[in-house]
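# Fold and contact review
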Amino acid sequence: MNASNNGTHVSAKVVELTRDYMSVSHGGRIYRIDFDRFPYFRSCFLGELYNVRASAEGLHWPDADIDLELAFIENPPKDPVTVDVDWWKAQRKRLLARLGSVGGSVKSPRKAAASRRNGLKGGRPKASALTSAVRGSARARGYASTVAVRG
């Protein structure tokens, strides 16, 4: 992704990604970001890590809501003040839950048409006793609630 720094073109790109670190190119330099020093990157999806944006001051991962200043990457403090990973994960979970609820409440013409077609077929099928038992068993074991049963 790109930014402008005094009229010059600045871009950022992940050039290497391993289990323990990633290397990001920014302004002609390569910065190594260790996941031990920045542990919240370990909880990100690959797509979130590769979606990095440049600014004159640093790097930004918009999907993961992470910002790092170049000065901090180049000259880290001796006693780093880090964000608690559990706090960051809780914030992220709340954000994703809000996004999911917004997405589920969207009313589009396509969704309305699909609902009408389903209604013409008799609506949502009733769960059989076997399907209900399998779903309950799957929930008890911690699996997702959607279980396909072929009869």
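Values in this document were obtained by computation on a predicted structure and should not be read as measured data. (Residues numbered from 1 in each chain as written. Predicted model: local features only at pLDDT ≥ 70, side-chain atom pairs only at ≥ 80, totals over all residues. Heavy atoms only, no water.)

## Let's talk about the overall build of the protein
Of regular secondary structure, the protein possesses 5 helices and 7 strands. A total of 151 residues make up the protein; the buried ones form 23% of that total. Partitioning the contacts of the protein with sequence separation of at least 6, the portion at a separation of at least 24 is 39%. As displayed, the protein has an accessible area near 11,200 Å², and 53% of this comes from carbon and sulfur atoms. (Helix = DSSP H or I, 4+ residues; strand = E, 2+ residues; numbered from the N terminus. Buried < 20%, exposed > 50% of the residue type's maximum accessible area, 1.4 Å probe, protein only. Contact = heavy atoms within 4.5 Å. Areas by Shrake-Rupley, 256 points an atom, 1.4 Å probe, with all protein chains shown as cover.)

## Examining helix α4 (residues 109-120)
With 12 residues, α4 should cover 16 Å at 1.5 Å per step; its first-to-last C-alpha distance of 17 Å lies within 8% of that length. Looking one or two residues beyond α4, the residue adopting positive phi is Gly122, at roughly 105°. (Expected span 1.5 Å × (residues − 1).)

## Describing the nonpolar core
Generally speaking, a soluble globular protein has its nonpolar side chains buried in company with each other. Ranked by size, the top nonpolar core spans 23 residues in total, and within it Met22, Ile33, Phe41, Leu59 and Trp61 carry the most contacts. When residues of this core are traced back to their parent elements, those giving at least two are β2 (8-17), β3 (21-26), β4 (29-34), β6 (58-61), β7 (66-69) and α2 (70-74). Sort the elements by how many residues they give to this core and β2 lands first, with 3 residues. Not counting residues up to four positions away in its chain, the partners in contact with Trp61 are Met22, Val24, Ile33, Phe41, Glu48, Leu49, Asn51, Val52, Ile66 and Leu68. (Core = buried A, V, L, I, M, F, W, Y, C linked by side-chain atoms within 4.5 Å.)

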